[in-house]
Amino acid sequence: MGRFLDLTLAGLTSGAVYAAVALALVLIWRSTRIVNFAQGGMLMITTFLGYTVVSNGGSYWLALAVAIAAGLVLGVVVERVLIRPVAKRPPLDAVVVTFGLLVGLQGIAGMVFGGTPQSYPPAFSIAGFQAGGRQILFSPNDLWIVLVVLAVMVVLAVVFRRTSAGLRMRATAFAPEVARLLGVRVGRMLTVGWALAAVVGAIAGVLIAPSTFVSPTAFDAVLVFGFTAAVIGGLDSPPGAVVGGLALGLVLSFVSGYLGPDIVTLGALVVLIVVLMVRPHGLFGAGARRRV
């Protein structure tokens with residue numbers, strides 16, 4: 001029973017990180033109908049900037065603020081400079097651009113920060129809680145990760161459903177020509193979508209950095225699992241991204257704990273196939289008909 005509890009809590013922690021990455025992917029998909037395969041590279045760069053602050057004597061909180069600000073700027077620049085010129089071309093062009101951006105960001109990080117993995121300090125203690133005379137493998141830092149991701153989800157839900165800006169972003173994603181006729185500045189809304197996604201990605205990078213080493217390719221697996229979680233939950237659904245991330249984290253934790261870490265990737269593939277066989281649009285994904 002104790003092992004099951006430890007694996008469950010570990011799965012919730014890792015699943016929260018996958019959920020944050022999935023949220024970033026869903027935000028861009030909702031606003032531009034593009035799957036951003038450069039998301040891992042973008043959050044890697046912002047995490048490296050946060051690491052630079054910490055390594056020069058800055059606090060974790062200052063590093064988090066710098067990473068968020070850098071993500072905001074990076075999202076705006078990427079959308080304006082790289083994505084907007086190919087927005088009216090075939091969708092495959094934008095996918096190729098994001099792949100190229102990923103390779104470019106990893107190359108730049110290698111030249112600027114080096115290829116040696118670097119450790120990142122946690123926000124809180126990583127020592128597990130004590131309960132019932134035993135130590136639970138769930139630390140204050142793990143609790144922080146879960147709470148932050150849930151808070152981000154709530155904020156995004158409020159923005160999309162309760163604000164005029166969120167309504168304009170949804171209209172831009174699903175009916176851009178109609179949105180233009182109604183006076184919505186579609187280009188600005190697309191930029192906002194990329195900026196929000198980059199900010200969420202930056203938060204995810206800082207959250208997961210203490211549990212791994214920061215390097216140019218350290219977040220590739222996180223991107224893969226985050227994308228899997230987004231597809232499982234439904235690319236149109238921010239709540240689905242969170243549910244998909246948490247569910248995937250739990251499944252992979254149990255697979256790793258009971259069957260071995262070598263088949264974790266296979267476990268993710270099996271979950272993805274099963275979900276898509278039952279729900280082709282994901283657990284919370286919309287079908288062909290959408291309402292703004």
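Everything numeric here is computed off the predicted structure, so don't read it as measured data.

Observations concerning the nonpolar core
Counting residues in hydrophobic clusters, the biggest one holds 82 residues, and the most contacted among them are Met42, Tyr120, Trp144, Leu207 and Leu248. At 14 residues, helix H1 (residues 2–32) tops the list of elements feeding residues into this core. The residues touching Leu248, leaving out its near neighbours within four places in the chain, are Tyr18, Phe225, Thr228, Ala229, Ile232 and Ala268.

Here's the deal with helix H4 (residues 91–113)
Across its 23 residues, H4 extends 33 Å between first and last C-alpha, which sits within 8% of the 33 Å expected from 1.5 Å per residue. The complete set of buried residues in H4 reads Ala94, Thr98, Leu101, Leu102, Leu105, Gln106 and Ala109. On its buried side, H4 packs onto helix H2 (39–55), helix H3 (60–83), helix H8 (186–208) and helix H9 (220–233). Backbone geometry just after H4 places Gly114 at a positive phi near 85°.

Here's the deal with a nonpolar patch on the surface
On the surface, a nonpolar cluster with roughly 1100 Å² of combined accessible area is contributed by Phe4, Tyr258, Leu259, Ile263, Leu266, Leu269, Val270, Ile273, Val274, Met277 and Val278. Secondary structure elements with two or more residues in the nonpolar patch: helix H10 (238–259) and helix H11 (264–278). Among the elements that make up the nonpolar patch, the one with the highest residue count is H11 (7 residues). Its location among the elements puts Leu259 in helix H10. A relative accessible area of 61% means that Leu259 is categorised as exposed.

Things to note about the pattern of salt bridges
Tallied over the entire structure, the rule returns 2 salt bridges. With its nearest N and O atoms 3.8 Å apart, the salt bridge here joins Glu79 to Arg80. For Glu79, a relative accessible area of 2% corresponds to the buried category. Residue classification places Arg80 among the partly exposed positions, given a relative accessible area of 45%. Residue Glu79 is joined to Arg84 by a salt bridge in which the shortest nitrogen-to-oxygen separation is 3.2 Å.

What counts and how
Residues numbered from 1 in each chain as written. Predicted model: local features only at pLDDT ≥ 70, side-chain atom pairs only at ≥ 80, totals over all residues. Heavy atoms only, no water. Core = buried A, V, L, I, M, F, W, Y, C linked by side-chain atoms within 4.5 Å. Buried < 20%, exposed > 50% of the residue type's maximum accessible area, 1.4 Å probe, protein only. Helix = DSSP H or I, 4+ residues; strand = E, 2+ residues; numbered from the N terminus. Contact = heavy atoms within 4.5 Å. Expected span 1.5 Å × (residues − 1). Patch = residues over 30% accessible without salt bridge, like charges linked within 9 Å, V, L, I, M, F, W, Y side chains within 5 Å. Areas by Shrake-Rupley, 256 points an atom, 1.4 Å probe, with all protein chains shown as cover. Salt bridge = Lys/Arg side-chain N within 4 Å of Asp/Glu carboxyl O.

It is worth stressing that arrangement in space is one thing and function is another; only the former is reported here.
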